[in-house]
Amino acid sequence: MTDPITQGLLPEGLRDRLPPQAEAAANLLRGLLDCVAAHGYERVQPPLVEFEDSLIGRLGSARKQDLLRFIDPVSGANLALRHDMTGQVGRIAATRLAHIARPLRLAYGGPVLRVRGDQLRPEREALQAGAELIGRDSVAAVAEVLKLAVEALAQTGLTGLTVDITLPEFVAELAAGPWPLEPLQLAEAHRLLDGKDVAGLRALGADRYETLIAAAGPAAPSLAKLRALGLSGRAAAMLGDAAAIITALGDTPATLDPTERHGFEFQSWIGFSIFAAGVRGEVGRGGAYTIVHPNGDEEPAVGFSLYVDGLVDAGLGEVKHRRILLPLGTAPEVGAKLRAEGWATVAALEPDADARAFRCTHRWSNGRVNEAV
Ligand SMILES: N[C@@H](Cc1c[nH]c[nH+]1)C(=O)O
């Protein structure tokens, strides 16, 4: 009989990381957080588990069914595993760090858990690293955050970075002003735009919104098409702000889709996804959003979360340690000196140990470093 437990099987969507990927993941996380820290973002470490209501209430990004929930056997409270750290950082900013001057720059890294994987990413556990700039969601703030995300990803060795920008409130802005829609029509228009359903929009009498589908694409032509619509007010201001952010991105190619909302459930005026060559799915995601304080005050913020697993799977972050076997009885000072020089030393526990069997490229013998044979 093959019993899944004795076979060491894991529940669906969960996996072990083995050498060298486990170390690669830790290296990548450290590299990303070092980059963010160098820009003044200070690390916070929220817990893995919180009150279910706190994870659902904050930012409105999760529904009950998105969380792995359980009853705390100690307190009887309903708890859940975090599925994203942004809301937790918002909670910290709005409570324990409410008295700290804004803008407040915070960083975080750790595992998150989704109840369900999707086709692109069947894994349920993900290693997230991110930064949140709290107290601002201006063009300058968004540009800082987006450029930082790109810089952090680029230093891992990723290439072919591209940024997809969306304006999750743009359609609602048009519906409230220049291209009026009733609330029910707006909800339907959103749904049709999500499905890029031109015929549906016509049937709804929202023909004008068709042009938004055609306008999605590489940033410069997209902006030109959207500007040609001759909009004014906040919708026009959003386009101007998006243009400034795209300019700030410099050489990093960007696309603009003014209607995309999927995956941006809590982001406000701007959201973005980052992709890279050789990595399946997004390597990062972020945008502007609102933090609600205990007294009901609302505070703007902008940030990003990077997803480390795709980078590990692409082979990044692996350090090729030079491994040397120290035969039984080697003086401790020899090992200390070699480690100080950057070697990983592997101490033999028996005489005649075979360096290759311990995956060592070298062996200490005759008082010096020798290639393993
Ligand atoms: N945490 C969000 C991205 C984000 C960070 N800050 C704002 N938005 C996500 O992973 O989808």
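What counts, and at which threshold
Residues numbered from 1 in each chain as written. Predicted model: local features only at pLDDT ≥ 70, side-chain atom pairs only at ≥ 80, totals over all residues. Heavy atoms only, no water. Pairing = 2+ DSSP bridges. Helix = DSSP H or I, 4+ residues; strand = E, 2+ residues; numbered from the N terminus. Axes fitted to C-alpha atoms, helices over the stretch in contact; angles between N-to-C directions. UniProt positions renumbered as here; feature names shortened; annotations may be inferred. pLDDT = per-residue confidence, 0-100. Near = heavy atom within 4 Å. Polar contact = N/O pair within 3.5 Å; in protein donor to acceptor, adjacent residues only side chain to side chain. Areas by Shrake-Rupley, 256 points an atom, 1.4 Å probe, with all protein chains shown as cover. Nonpolar A, V, L, I, M, F, W, Y, C, P; charged D, E, K, R; others polar. Expected span 1.5 Å × (residues − 1). Buried < 20%, exposed > 50% of the residue type's maximum accessible area, 1.4 Å probe, protein only. Arc of directions from axis to C-beta. Contact = heavy atoms within 4.5 Å. Phe/Tyr/Trp six-rings, centres within 6.5 Å; stacked < 30°, edge-to-face > 60°. Lys NZ or Arg CZ within 6 Å of the ring centre and 35° of its normal.

### Comments concerning the pairing of strand S7 (residues 162-166)
Here S7 runs beside strand S10 (residues 271-275); their pairing, made up of five bridges, is antiparallel. Looking across to S10, one finds that Ile 165 is bridged to Phe 272.

### Overview of the sheet that holds strand S2 (residues 49-51)
Spatial strand order, S2-S4-S3: three strands in an open sheet with antiparallel pairing. Looking at strand neighbours, the two that pair on one side only are S2 and strand S3 (69-71), the edges of this open sheet. Sheet twist, expressed as the average angle between the axes of neighbouring strands with direction ignored, equals 35°. Two elements, S3 and strand S4 (residues 78-81), share three bridges in a ladder whose sense is antiparallel. Following the sheet pairing, Arg 69 is matched in S4 by Ala 80.

### Observations concerning the UniProt feature "domain: Aminoacyl-transfer RNA synthetases class-II family profile" (unreviewed entry) in the protein chain
Using the residue numbers shown here, the UniProt feature "domain: Aminoacyl-transfer RNA synthetases class-II family profile" (unreviewed entry) corresponds to residues 27-327. Its end C-alpha atoms 29 Å apart, residues 27-327 is made of 35% helix and 24% strand.

### Details of the confidence of the model for the protein chain
Of the residues in the protein chain, 100% have a pLDDT of 70 or more, and the chain-wide mean is 95. The ipTM value of the predicted complex is 0.99, and its pTM value is 0.95.

### Some thoughts on the site of the ligand
In the neighbourhood of the ligand, 14 residues make up the surrounding shell, with Asp 84, Thr 86, Arg 285, Ser 305 and Tyr 307 lying closest. A distance of 2.8 Å separates a nitrogen atom of the ligand from a polar atom in the side chain of Gln 267. Against a free-state accessible area of 310 Å², the protein chains account for coverage of 97% of the ligand. Residues belonging to the shell around the ligand are distributed by class as follows: four nonpolar, seven polar and three charged.

### Re helix H10 (residues 233-248)
An ideal rise of 1.5 Å per residue puts 22 Å on 16 residues; H10 measures up with 23 Å between its terminal C-alpha atoms. Among the residues of H10, those classed as buried are Ala 235, Met 238, Leu 239, Ala 242, Ala 243, Ile 245 and Ile 246. Down the axis of H10, the smallest arc covering the buried residues is 165°, so these residues share one side. Along H10, exposed side chains directed more than 90 degrees from the buried face belong to Gly 233 and Thr 247. Buried residues in H10 make contact with helix H4 (139-154), S7, helix H5 (170-176), helix H9 (219-227) and strand S9 (254-257). Two residues or fewer past H10, Gly 250 is found with a positive phi of approximately 60°.

### Points about the packing of aromatic side chains
Enumeration according to the criterion identifies two aromatic pairs in this entry. Ring geometry for Trp 179 against Tyr 209: centres 5.2 Å apart, planes inclined by 85°, an arrangement best described as edge-to-face. Taken together, the positions of Trp 179 in the loop between H5 and helix H6 (183-194) and Tyr 209 in the loop between helix H7 (198-203) and helix H8 (210-215) put the pair 30 residues apart, joining distant regions of the chain. In this structure Trp 179 comes out as buried when scored by relative accessible area, which is 7%. Take Tyr 209: its relative accessible area is 2%, and that puts it in the buried class. Ring plane angle 90° and centroid distance 5.6 Å describe the contact between Phe 266 and Tyr 289, whose orientation is recorded as edge-to-face. Placement of Phe 266 in the loop between S9 and S10 and of Tyr 289 in strand S11 (residues 284-292) is noted, with a sequence separation of 23 residues between them. Taken as a pair, Phe 266 and Tyr 289 share a single burial class, namely buried. Over the aromatic face of Tyr 307 sits the side chain of Arg 121, whose NZ or CZ is 4.9 Å from the ring centroid. Taking NZ or CZ as reference, Arg 322 lies 4.1 Å from the ring centre of Trp 343, over its face.

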